[in-house]
There are 2 protein chains.
Amino acid sequence: MAHKKSHPTALHEKDGIEQPEIVSSDSVAQIRQYRRQQPTSEQLIAGILSGDKIALSRAITLIESTSTTHLEKANEIIKACLPYANKSVRVGITGVPGVGKSTFIEAFGKYLTGLGKKVAVLAVDPSSSISHGSILGDKTRMEELVKDENAYIRPSASGESLGGVARKTRETIILCEACGFDTILIETVGVGQSETAVHSMVDFFLLLNLAGAGDELQGIKRGIMEMADAIVINKADGDNIKRARLAKTEYNRALHLFPMKNSGWSPKVTTCSALTQEGIPDVWNTIEEYFTLTRENGYFHQKRKEQNQYWLLETINEQLKQNFYNHPDIQILLEENKKAVQNNEISPFAAAKLLLDNYFK
Amino acid sequence: MAHKKSHPTALHEKDGIEQPEIVSSDSVAQIRQYRRQQPTSEQLIAGILSGDKIALSRAITLIESTSTTHLEKANEIIKACLPYANKSVRVGITGVPGVGKSTFIEAFGKYLTGLGKKVAVLAVDPSSSISHGSILGDKTRMEELVKDENAYIRPSASGESLGGVARKTRETIILCEACGFDTILIETVGVGQSETAVHSMVDFFLLLNLAGAGDELQGIKRGIMEMADAIVINKADGDNIKRARLAKTEYNRALHLFPMKNSGWSPKVTTCSALTQEGIPDVWNTIEEYFTLTRENGYFHQKRKEQNQYWLLETINEQLKQNFYNHPDIQILLEENKKAVQNNEISPFAAAKLLLDNYFK
């Protein structure tokens with residue numbers, strides 16, 4: 001039906017004869033019908049296993065959906081893909097905004113596809129659920145890699161919580177691996193807890209940093225440097241080369257102060273320029289060295305087993321908390337008790353007991 | 001009744017006439033009755049508020065008890081003490097075994113009581129529940145401080161979990177403060193998660209370290225150095241003085257690499273000798289400087305508020321987990337699913353969902 005103005009405006013027009021529909025109702029119904037024709041799980045599984053990126057994208061969309069039907073379908077697909085997964089290397093890449101992560105991943109990814117690898121680039125960025133953007137949303141920043149048929153780029157899933165985003169990314173890894181991608185790069189923005197989440201889903205953790213002197217560690221969240229298996233100083237080009245070398249020395253000294261890692265690996269510091277490609281092969285050589293070592297000493301396999309266990313328990317613990325804190329009675333009681341605790345009217349432990357007794361009764 | 005052997009042994013004796021009891025049943029009943037005469041909560045509260053160390057000890061024993069009646073009584077006492085608590089400074093002291101924590105605390109505690117302060121020394125050491133010992137169990141290592149009437153030393157509570165030990169210690173702080181102790185030193189052994197727990201209950205966190213060159217940071221658990229408000233290099237005496245000074249420079253350089261703390265405080269490095277007392281006053285001066293700064297900028301009060309909130313939520317989260325993981329059905333199901341996850345038969349997230357559905361149904 002044509003839209004009729006129900007109240008006069010300054011631009012009031014006289015009612016003319018009713019116009020025919022521009023799009024016929026029949027066509028609309030047809031288009032809707034067509035869009036509803038989602039491929040079956042079997043079709044998507046077959047597509048993924050044959051390396052079809054469109055099937056992969058559609059399956060990932062199911063993982064990211066909030067509809068229960070979609071999630072059931074997603075679980076079916078993940079289960080079918082699991083036996084074909086776990087055959088890639090997973091590299092986490094972090095660094096504060098401005099460090100040149102996208103440019104680095106573009107250069108690094110191109111180098112890897114040049115070596116004959118199939119590269120998937122994923123992201124974990126819980127903030128994207130607020131801004132409705134994503135660190136990888138602006139795909140034009142990786143325009144070369146996007147066009148590469150041996151690369152697959154997927155922006156960060158959105159979600160209410162880091163736990164949700166992380167779960168979606170981790171399941172996405174499984175599908176990418178089943179789809180034949182042998183090198184998974186997972187980008188995360190250098191803020192908050194997302195590094196810990198990414199660290200728990202990758203084999204190798206790379207910290208990207210800027211060349212600069214003296215205060216170059218200031219921007220890094222506590223603990224992130226300790227998680228790094230390599231620190232790569234980006235933008236080591238032009239006038240920056242000297243400063244990058246200085247930074248390398250500083251970082252090497254700082255890393256030396258940390259205790260030995262369980263992997264038996266001593267973190268390396270390298271410099272590179274995503275612009276000139278200088279140093280990009282070194283990054284991959286370092287990663288390969290790491291894999292040779294940890295596959296030999298059994299750490300690689302051990303870590304993956306531990307990561308699986310971690311995600312099992314982490315998911316349970318998260319859900320237990322959500323159930324408690326989303327309970328309407330508990331929410332009221334918690335607010336009251338938080339105030340009482342702040343005013344020293346009740347000890348935190350007595351308040352906790354009160355809330356728990358109420359929840360479990 | 002005298003015990004009679006019910007089966008013959010190689011050392012079989014002929015039955016003689018029945019011997020009379022060595023202790024009369026009446027006396028036993030009397031002793032039991034006497035022991036049962038516990039002071040009332042009111043008596044203990046009055047005792048604590050008047051500065052009676054025996055009442056304090058008895059109340060702490062109630063906190064540490066596993067009996068429900070005792071815990072109810074303990075909660076009553078804590079509630080009554082809360083308005084008189086929160087008036088001390090709380091200093092956490094950590095360091096790897098062998099660093100000389102006990103000797104340092106003895107020297108430091110004596111120095112503080114010499115300044116007219118009332119010092120309580122507590123400990124958080126979850127391992128003591130396994131060894132049934134305690135880092136402070138051997139009180140003879142602090143023989144001077146033990147005899148000091150302005151000091152109170154209490155070994156670590158024992159408990160099944162760090163959470164339990166931490167709760168008990170935190171409640172003990174409240175009672176000590178209500179008892180008039182204005183300086184609370186909390187010792188923890190430099191292993192595992194106990195530093196984080198202690199860090200969440202103190203105002204100032206001190207890392208004790210050994211003088212040594214080059215590799216002096218090796219023994220420190222990740223993250224502990226970042227929590228420290230001061231690093232004190234102990235045993236800076238005799239031949240060690242030069243090495244201690246070198247270590248001081250190294251630590252200062254390392255601390256410089258960490259980001260600014262929310263407190264606005266730049267961590268300090270000092271050297272001291274618990275043996276010669278050299279440098280002990282400097283440690284206290286540093287702590288006082290910190291308190292002046294953080295009381296002025298409001299961080300002191302803010303941190304305590306956050307700590308209270310932390311313990312409220314932490315206790316709830318711990319208990320939610322315990323309830324889940326101690327459920328007999330869940331325990332069986334969890335074992336099965338852990339195996340399935342390891343063999344890549346099910347994703348960690350699908351397994352978690354299965355367990356949670358079972359728990360909440």
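Above this note sits the structure.
Residues numbered from 1 in each chain as written. Chains lettered and ligands numbered in written order. Predicted model: local features only at pLDDT ≥ 70, side-chain atom pairs only at ≥ 80, totals over all residues. Heavy atoms only, no water.

Quick word on the interface of chain B and chain A
Consideration 1: Residue-level contacts link 55 residues of chain B with 55 residues of chain A.
Consideration 2: Roughly 5,300 Å² of surface becomes buried between chain B and chain A when both sides are summed, with 64% attributable to carbon and sulfur atoms.
Consideration 3: At the junction of chain B with chain A, the criterion picks out zero salt bridges.
Consideration 4: On the surface where chain B and chain A come into contact, there are four residue pairs in polar contact (both at pLDDT 80 or more).
Consideration 5: Of all the secondary-structure elements, those providing two or more residues to the side of chain B that touches chain A are helix 4 (68-81), helix 8 (162-178), helix 11 (241-256), helix 13 (299-325), helix 14 (328-342) and helix 15 (348-360) of chain B.
Consideration 6: The element contributing the most residues to the side of chain B that touches chain A is helix 13 of chain B, with 15 residues.
Consideration 7: Of the residues that constitute the side of chain B that touches chain A, the class distribution is 28 nonpolar, 14 polar and 13 charged. (Contact = heavy atoms within 4.5 Å. Buried area = accessible area lost by both parts, 1.4 Å probe. Salt bridge = Lys/Arg side-chain N within 4 Å of Asp/Glu carboxyl O. Polar contact = N/O pair within 3.5 Å; in protein donor to acceptor, adjacent residues only side chain to side chain. Helix = DSSP H or I, 4+ residues; strand = E, 2+ residues; numbered from the N terminus. Nonpolar A, V, L, I, M, F, W, Y, C, P; charged D, E, K, R; others polar.)

Re the sheet that holds strand 3 (residues 151-153) of chain B
Residue and element names in this part refer to chain B.
Consideration 1: Within the open sheet, the seven strands sit side by side as 3-2-4-1-5-6-7. Their pairing is parallel. At either end of the open sheet lies a strand with only one pairing partner, and these are strand 3 and strand 7 (268-271). Across this sheet, the average inter-strand angle for adjacent strands is 20°, counted without regard to direction.
Consideration 2: In this structure, strand 2 (residues 119-124) lies alongside strand 4 (residues 183-189), joined through six bridges in parallel fashion. Considered in strand 4, the bridge of V121 is made with L185. (Pairing = 2+ DSSP bridges. Axes fitted to C-alpha atoms, helices over the stretch in contact; angles between N-to-C directions.)

Description of the relation of the copies chain B and chain A
To go from the first copy of the chain to the second, apply a rotation about an axis and then a shift along the same axis.
Consideration 1: Between chain B and chain A, the superposition needs a rotation of 180° and an axial shift of 0.0 Å, giving an RMSD of 0.2 Å. When the rotation and shift are considered jointly, the pair of chain copies conforms to a two-fold rotation axis.
Consideration 2: Mapped onto chain A, 100% of the interface residues of chain B are again interface residues, and the two copies thus contact each other with one and the same surface. (Least-squares fit on C-alpha atoms with pLDDT ≥ 70 in both.)

Examining the pattern of salt bridges
Consideration 1: Using the criterion set out here, one finds 22 salt bridges over all chains in the structure.
Consideration 2: Here E144(A) and K147(A) are joined by a salt bridge, their closest N and O atoms 3.9 Å apart. In this pair, E144(A) and K147(A) are both assigned in helix 7 (residues 143-147), three residues apart and thus about one turn of the helix distant.
Consideration 3: With a closest N to O distance of 3.0 Å, K353(B) and D357(B) form a salt bridge. Remark: D357(B) and K353(B) occur in helix 15; sequence separation between them is four residues, near one turn of the helix.
Consideration 4: Relative accessible area serves as the criterion here: at 46%, K353(B) is assigned to the partly exposed category. (Buried < 20%, exposed > 50% of the residue type's maximum accessible area, 1.4 Å probe, protein only.)

As for the sheet that holds strand 3 (residues 151-153) of chain A
Strand-to-strand pairing in sheets goes through backbone hydrogen bonds, with the strands running parallel or antiparallel.
Residue and element names in this part refer to chain A.
Consideration 1: Strand order in the open sheet formed by seven strands is 3-2-4-1-5-6-7, with parallel pairing between adjacent strands. Looking at the sheet topology across the chains shown, the edges are occupied by strand 3 and strand 7 (268-271). When the angles between neighbouring strand axes are averaged without regard to direction, this sheet yields 20°.
Consideration 2: Most of the contacts of helix 5 (residues 101-114) go to strand 4 (residues 183-189), to which it runs at about 175°, and overall it touches strand 1 (89-95), strand 2 (119-124), strand 3, strand 4, strand 5 (204-210) and strand 6 (230-234).

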